[in-house]
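Structural description and commentary
The lines below spell out each chain.
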Amino acid sequence: MFSVNNTTFDPGHYAGANIAPRCSNRYSEGDNMLLLGLALNKEFGSPLTRYNGKDVSFPNRTAMAKKNGSKYLVSLHTNYPTDGVICFISVSRPEDKIVAEKIGKTVANKLGIQFRGVRTRKNSYGTDYYGMIRIPQRYGIHGIIVEHGSHREHCSNTDEKRRLIIEAYREVFEGKTSTKDNGIKEKYNNGIIDLPAKGYWTIADNDREISFMQEELNIIGYELEIDGNFGPNTLEAVKEFQEFYDLEVDGYVGPNTVEKIGEVVEALEKNGIIDLPGKGYFTTKDEGYEVKLIQQTLKEIGFKLVVDGIYGSETRGAIKLFQAKYGLKVDGYAGKETVRALNNIIKEINIPTRRVIINGEQIGAFKVTDNIVEQVKENLDKADKIEIEKVE
Ligand SMILES: [Zn+2]
């Protein structure tokens with residue numbers, strides 16, 4: 001069910017993007033869709049992928065939607081050159097047609113322009129052509145692209161038309177507004193969540209912002225159920241976190257704790273080398289192409305694994321064994337260090353075995369790189385004859 005509470009809006013492009021040609025006013029799709037996004041956020045509380053004119057990568061937009069606990073990621077656009085409203089959904093989520101059609105039809109009705117329908121668009125691999133749909137889809141988020149008419153149709157009376165689009169979304173959302181989500185906007189702007197009036201959470205609380213915090217604690221490495229409930233497990237995790245970071249260990253999530261959690265998450269995100277939205281390591285909640293790569297690597301090293309792209313308990317177990325063997329922190333998460341170690345080993349595995357023959361005598365067969373072959377040749381006495389050949 002599409003609602004204000006499970007939707008992140010994505011203001012499409014960056015500031016000043018896509019200036020409409022032959023327009024009496026200066027119309028930029030990027031600018032107008034940011035204004036639309038900000039208005040939708042203000043009106044319904046639904047979070048955005050950006051609150052300024054900066055461009056954000058598809059994985060990062062996906063990461064934000066995931067962090068927000070959103071099911072839908074609606075990308076806001078106007079079209080060029082074709083007039084009318086058109087929506088795009090994932091080739092693998094035909095069920096999204098219902099929601100997309102409702103949005104498209106309502107927007108077209110409000111604006112009094114044509115509705116051109118709901119489409120999918122495939123690339124040559126048969127997956128979604130648009131990164132804005134394909135990448136969210138990989139992480140279980142329903143990406144929908146909405147072209148709210150053409151640039152031309154929006155370049156006059158732009159403000160009024162934006163207001164009509166908001167009315168259309170209100171109708172789609174059935175007049176519901178959320179009051180609790182604005183903290184997420186604060187988080188991205190200031191790195192601090194607006195806490196409820198009392199200033200901290202206790203086990204009596206049940207809140208969407210608690211879900212957000214649980215999500216963040218999981219990024220740090222806890223395995224909490226994201227239920228918005230400040231239950232005993234969450235309390236335990238909070239206490240542990242406070243202790244580790246020398247905060248007052250009271251289990252209350254006040255501004256200091258919230259700020260510290262944000263800091264740690266941010267640091268993790270910055271240092272991650274994996275192209276995983278926002279977090280930089282894999283946990284049992286992850287699936288997708290990157291997980292497959294990790295499983296494939298583990299398999300080549302000798303673990304018996306099904307390469308299914310699901311980071312399940314088997315994969316986590318294999319990672320733990322791997323970590324133990326290579327002196328890494330044994331937590332079962334495939335983070336930066338672990339992935340780097342895996343990559344190093346696989347590099348060695350892919351190095352060809354070569355037979356080394358010196359002065360007609362085979363001295364052995366080794367895994368050596370081209371670089372090492374060159375070095376060996378350089379360091380041998382000129383009189384020696386060396387032959388190094390690949391072993392198939
Ligand atoms: Zn666009």
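Just above, that's the structure.
As a starting point, this report considers the structure included with it. (Residues numbered from 1 in each chain as written. Predicted model: local features only at pLDDT ≥ 70, side-chain atom pairs only at ≥ 80, totals over all residues.)

**Re the sheet that holds strand β3 (residues 85-88)**
Strands sit in the order β1-β2-β5-β3-β4 across an open sheet of 5 strands; the sheet is mixed. Because the sheet does not close on itself, it has two edges, and the strands there are β1 (7-10) and β4 (115-119). Along the sheet, successive strands turn relative to each other by an average axial angle of 15°, direction set aside. Sheet analysis places strand β2 (residues 72-79) next to strand β5 (residues 142-150), joined by 7 bridges and oriented parallel. Each residue of the ladder has a partner; that of Y72, found in β5, is H142. Docked against the sheet, helix α1 (residues 29-44) engages β1 and β2, running at close to 140° with respect to β2. (Pairing = 2+ DSSP bridges. Helix = DSSP H or I, 4+ residues; strand = E, 2+ residues; numbered from the N terminus. Axes fitted to C-alpha atoms, helices over the stretch in contact; angles between N-to-C directions. Contact = placed C-beta atoms within 7 Å.)

**Remarks on the pairing of β1**
Along any regular strand, the residues point their side chains to alternate faces of the sheet. Here β1 shows two buried faces, one formed by T7 and F9 and the other by T8 and D10. As paired strands, β1 and β2 are joined by 4 bridges and run parallel to one another. When the bridges of β2 are listed, D10 appears paired with S75. (Buried ≥ 20, exposed ≤ 12 C-beta atoms within 10 Å, placed from the backbone.)

**Quick look at unusual backbone geometry**
Cis rather than trans, the peptide bond between Y80 and P81 has omega equal to 0°. Examined against the element boundaries, P81 turns out to sit in the loop between β2 and β3. Even without being a glycine, N157 presents a positive backbone phi close to 50°. Assignment of secondary structure puts N157 in the loop between α5 (151-154) and α6 (158-172).

**Details of helix α12 (residues 313-325)**
Here α12 spans 18 Å end to end across 13 residues, near enough to the 18 Å set by a 1.5 Å rise per residue. What α12 keeps buried is the set T315, A318, I319, F322 and Q323. Relative to the axis of α12, the buried residues are bounded by an arc of 140° and lie together on one face. Along α12, the residues that are exposed and aim more than 90 degrees away from the buried face are S313 and A324. Directly beyond the C-terminal end of α12, a positive phi value near 70° is found at G327. (Expected span 1.5 Å × (residues − 1). Arc of directions from axis to C-beta.)

**Some thoughts on the environment of I144**
Locating I144 in the fold gives a position in strand β5. Distance from I144 to V118, taken between C-alpha atoms, is 9.8 Å for residues 26 residues apart in sequence. Apart from the residues within four sequence positions on either side, I144 is in contact with Y72, V74, S75, C87, I89, D96, V99 and A100.

**Regarding the environment of K292**
Tracing the sequence through the fold places K292 in helix α11 (residues 289-301). K292 sits in the partly exposed class, given 15 other C-beta atoms within 10 Å. Distance from K292 to V307, taken between C-alpha atoms, is 5.7 Å for residues 15 residues apart in sequence. The contact partners of K292, leaving out residues within four places of it in the chain, are V307 and G309.

**Side note on α1**
For α1, which comprises 16 residues, the first-to-last C-alpha distance of 22 Å matches the rise-based estimate of 22 Å (1.5 Å per residue) to within 8%. For α1, the full list of buried residues reads E29, G30, D31, N32, M33, L34, L36, G37, L40, N41 and F44. A positive phi of about 80° marks G45, the residue just after α1.

**Digging into the nonpolar core**
Core analysis: the biggest nonpolar cluster contains 41 residues, and V74, C87, A100, I103, I144, I145 and V146 have the highest contact counts within it. When contributions to this core are tallied by element, the ones reaching two or more residues are α1, α2 (58-67), β2, β3, α3 (97-111), α4 (131-138), β5 and α6. Apart from residues no more than four positions distant in its own chain, I145 is found in contact with S75, H77, C87, F88, Y130, M132 and I133. By size, the runner-up hydrophobic cluster in this structure holds 12 residues, among which are M213, L224, A237 and I261. (Core = buried A, V, L, I, M, F, W, Y, C linked by C-beta atoms within 7 Å.)

**Structural notes on the packing of α1 against α6**
It is at 10 Å that the axes of α1 and α6 come closest, and there the two elements cross at 45°. As summarised for this structure, α1 and α6 are arranged oblique, according to the angle between their axes. Crossing of α1 over α6 shows right-handed handedness. Packed against α1, whose contacting residues are N32, L35, L36, A39, L40 and E43, the element α6 presents T158, R162, I165, I166 and Y169 at the interface. Residues that form the contact of α1 with α6 fall into these classes: 7 nonpolar, 2 polar and 2 charged. (Parallel < 35°, antiparallel > 145°, perpendicular 65-115°, else oblique. Left-handed = near helix turned anticlockwise from the far one by under 90°. Nonpolar A, V, L, I, M, F, W, Y, C, P; charged D, E, K, R; others polar.)

**Section: the packing of α2 against α4**
The interhelical angle for the contact between α2 and α4, taken along N-to-C directions, is 50°, at an axis separation of 9 Å. Classified by the angle their axes make, α2 and α4 are oblique. Judged by the twist between their axes, the crossing of α2 over α4 is right-handed. Residues F58, P59, T62 and A65 of α2 form the contact with α4, whose own contacting residues are G131, M132, I135 and P136. In terms of residue class, the contact of α2 with α4 is made up of 6 nonpolar, 2 polar and no charged.

**A short note on the pairing of β3**
Side chains V85 and C87 project from β3 onto one buried face, and the interleaved I86 and F88 project onto a second face that is buried too. Pairing geometry for β3 and β4, over 3 bridges, is parallel. Across the sheet, C87 pairs through a bridge with V118, a residue of β4. Regarding the hand of the β-α-β motif, the stretch spanning β3, α3 and β4 is right-handed. Judged from the 4 bridges that link them, β3 and β5 form a sheet pairing that is antiparallel. Among the inter-strand pairings, V85 is bridged to a residue of β5, identified as H148. (Right-handed = clockwise from strand over helix to strand, strands pointing away.)

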